[in-house]
Amino acid sequence: MITVGFACGHSAQVKETAASAPVCPCGETQVTRTQARAPRFVGTCTGPYAETKALEPGVVNVAAGGPLTLTQEKPSCR
Ligand SMILES: [Zn+2]
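So, here is what we can say about the structure in this document.

Parameters and conventions
Residues numbered from 1 in each chain as written. Predicted model: local features only at pLDDT ≥ 70, side-chain atom pairs only at ≥ 80, totals over all residues. Helix = DSSP H or I, 4+ residues; strand = E, 2+ residues; numbered from the N terminus. Buried ≥ 20, exposed ≤ 12 C-beta atoms within 10 Å, placed from the backbone. Contact = placed C-beta atoms within 7 Å. Pairing = 2+ DSSP bridges. Axes fitted to C-alpha atoms, helices over the stretch in contact; angles between N-to-C directions.

### What to know about the overall build of the protein
Argument step 1. Counting its secondary structure elements, the protein contains 0 helices and 5 strands.
Argument step 2. Summarising its shape, the C-alpha atoms of the protein cover approximately 75 × 30 × 25 Å along the three principal directions.
Argument step 3. Residues counted as buried form 3% of the 78 residues belonging to the protein.
Argument step 4. Partitioning the intrachain contacts of the protein with sequence separation of at least 6 by distance along the chain shows that 24% fall at a separation of at least 24.

This is the structure we're talking about:
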């Protein structure tokens, strides 16, 4: 949860995955301060919030319609 402070002086708890901008019950939308937990990174990284860990390789398919097949390019005369 993120603590959000509004310009009206009220504060509220907002989910980290909230899909919309926070609105105070009194109608105020201007946010003046926020407080959230520290980030956490896991993997091949270092730093104060990092948990260095060897990760297994993952298969990612980004081509629409399945994996692409490589073909030999025909030589051209120029
Ligand atoms: Zn308010």
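### Here's the deal with the sheet that holds strand 1 (residues 2-6)
Argument step 1. Spatially, the 3 strands line up as an open sheet ordered 2-1-3, and their pairing is antiparallel. Either end of the sheet is taken by a strand with one partner, and the two such strands are strand 2 (11-14) and strand 3 (31-35). Each strand axis lies, on average, 25° off the axis of its neighbour in the sheet, ignoring direction.
Argument step 2. With 4 bridges connecting them, strand 1 and strand 2 associate as antiparallel partners. Residue pairing for strand 2: T3 is matched across the bridge by Q13.

### Structural notes on the environment of S11
Argument step 1. Relative to the helices and strands, S11 is located in strand 2.
Argument step 2. S11 sits 14 residues away from P25 along the chain, and the two C-alpha atoms are 9.7 Å apart.
Argument step 3. Look past the residues within four positions of S11 in its chain and what remains in contact with it is T3, V4, G5 and F6.

### Here we look at the environment of A38
Argument step 1. Tracing the backbone through its elements, the reader meets A38 in the loop between strand 3 and strand 4 (41-43).
Argument step 2. Considered as a pair, A38 and L70 are 32 residues apart in the sequence and their alpha carbons are 44 Å apart.

### Regarding the pairing of strand 1
Argument step 1. Note that strand 1 and strand 3 share 4 bridges and pair antiparallel. Paired with F6 across the two strands is V31, which belongs to strand 3.

From the geometry alone we can't say anything about function, so treat these as descriptive.
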